[in-house]
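Chain by chain, the residues:
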Amino acid sequence: MDYKKSKAPANTVTQDIMKLCKETGNIYESVAIIAKRSNQIAIEIKQDLSKKLAEFASYNDSLEEVFENREQIEISRYYEKLPKPTLLATQEFIDDNVYWRDTQRDNLNDM
C-alpha cells in the first residue's frame, strides 16, 4: 500500500470524539480498534523499509569504512516524512476502511 497517497495528515490533529465513536458507540472500543490497526500498519511499514534497506547492507566487519549511499538516504527520508501509523489508522477508521467485528457480540447473538 502506498501510504504517501493517504489523506492522513502528517501532523497531529485534534479529532472529534463523537465522530470516532459513531461506528462502535464506545470511544474506548474505537481507540482499541485504531490501536490494533496502527500496530498492523507499523509492522507493514517496517517490513517494507527493512526490505528496501537490505539491498544496501554491507556484510563487512570493518568499522573504518562507512559509505553514505544517496539512494539509502532518500529511502530513509521518504519513510520519515510519512504520516505516523496512528494517524493513518485513525484516518482509515474515519473513512470506514477498517474491517472489524466484535466476537463477544457475535457469540451473544448466536445464543
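Rules used throughout
- Going along each chain's sequence as written, the residues are numbered from 1 onward.
- Since the coordinates come from a predicted model, pLDDT governs what is reported: local features require at least 70, and pairs of side-chain atoms require 80 or more to be given and counted, while whole-chain, interface and lining totals use all residues.
- Values reported for side chains reflect all heavy atoms of the structure, with hydrogen atoms and water molecules removed beforehand.
- For the purposes of this entry, the term helix denotes a DSSP run of H or I that reaches at least four residues, the term strand denotes a run of E that reaches at least two, and both are numbered from the N terminus.
- Accessibility here uses a 1.4 Å probe with only protein chains present; expressed as a share of the type maximum, an area under 20% marks a residue as buried, one over 50% as exposed, and anything in between as partly exposed.
- Note on contacts: a residue pair is in contact if any heavy atoms of the two residues lie within 4.5 Å.
- Here the Shrake-Rupley method, with its probe set to 1.4 Å, supplies the accessible areas, and only the displayed protein chains count as covering residues.
- Lines are fitted to the C-alpha atoms to define the axes, a helix being fitted only along its stretch in contact, and any angle between axes, read from their N-to-C directions, falls within 0 to 180 degrees.
- Any angle that is under 35 degrees is reported as roughly parallel, and any over 145 degrees as roughly antiparallel; angles of 65 to 115 degrees are reported as roughly perpendicular and all others as oblique.
- In this scheme the crossing of two helices becomes right-handed for a clockwise turn of the near helix relative to the far one and left-handed for an anticlockwise turn of less than a right angle.
- Residues are sorted three ways: Asp, Glu, Lys and Arg are charged, Ala, Val, Leu, Ile, Met, Phe, Trp, Tyr, Cys and Pro are nonpolar, and all the rest, Gly among them, are polar.
- Only the six-membered ring of Trp is used, alongside the rings of Phe and Tyr, when aromatic pairs are assigned; centres must lie within 6.5 Å, and planes under 30 degrees apart are stacked while those over 60 apart are edge-to-face, with the rest tilted.
- Residues enter a nonpolar core if they are buried and are Ala, Val, Leu, Ile, Met, Phe, Trp, Tyr or Cys, with the set joined through side-chain atoms within 4.5 Å.

### Quick notes on the overall build of the protein
Helices and strands together make up the secondary structure of the protein, namely 5 helices and 0 strands. Listing the helices and strands of the protein from first to last along the sequence gives α-α-α-α-α. Relative to its 111 residues, the protein shows a buried fraction of 25%. Of all intrachain contacts in the protein linking residues separated by at least 6 positions in sequence, the fraction that spans at least 24 positions is 79%. Entry remark: accessible area of the protein is about 9000 Å², with carbon and sulfur atoms responsible for 51%.

### Brief notes about the packing of helix α2 (residues 27-54) against helix α4 (residues 85-94)
At a minimum axis distance of 8 Å, the contact between α2 and α4 shows a crossing angle of 125°. Classified by the angle between their axes, α2 and α4 sit oblique to one another. Note that α2 runs across α4; the crossing there is right-handed. Only P85, T86, L88, A89, T90, E92 and F93 of α4 make contact with α2, whose side of the interface consists of S30, I33, I34, R37, S38, I41, A42 and I45. When its residues are assigned to classes, the contact of α2 with α4 shows 9 nonpolar, 4 polar and 2 charged.

### Some details on the packing of aromatic side chains
A full pass over the atoms with the stated rule returns 1 aromatic pair. Measuring from ring centre to ring centre gives 5.2 Å for Y78 and Y79, while their planes differ by 90°; the resulting arrangement is edge-to-face.

### Considering the nonpolar core
For soluble globular proteins, the rule of thumb is that nonpolar side chains tend to be buried together. Counting 15 residues, the largest nonpolar core has Y3, I41, I45, L88 and F93 as its most contacted members. Among the secondary structure elements, those contributing two or more residues to this core are α2, α3 (70-81) and α4. Among all residues touching Y3, those that are not within four sequence positions of it are I41, E44, I45, L82, P83 and L88.

### Remarks on the packing of α2 against α3
With their axes 10 Å apart at the nearest point, α2 and α3 run at an angle of 175° to one another. Taken together, the axis directions place α2 and α3 in an arrangement best described as roughly antiparallel. Across from I45, D48, L49, K52 and L53 in α2, the residues of α3 making contact are Q72, I75, S76 and Y79. When its residues are assigned to classes, the contact of α2 with α3 shows 5 nonpolar, 2 polar and 2 charged.

### Quick notes on α4
With respect to burial, α4 is a largely interior element, 9 of its 10 residues being buried. Of all the residues in α4, the buried ones are P85, L87, L88, A89, T90, Q91, E92, F93 and I94. For α4, the secondary structure elements touched by its buried residues are α1 (17-20) and α2. Backbone geometry just downstream of α4 places D96 in the positive-phi region, at approximately 60°.

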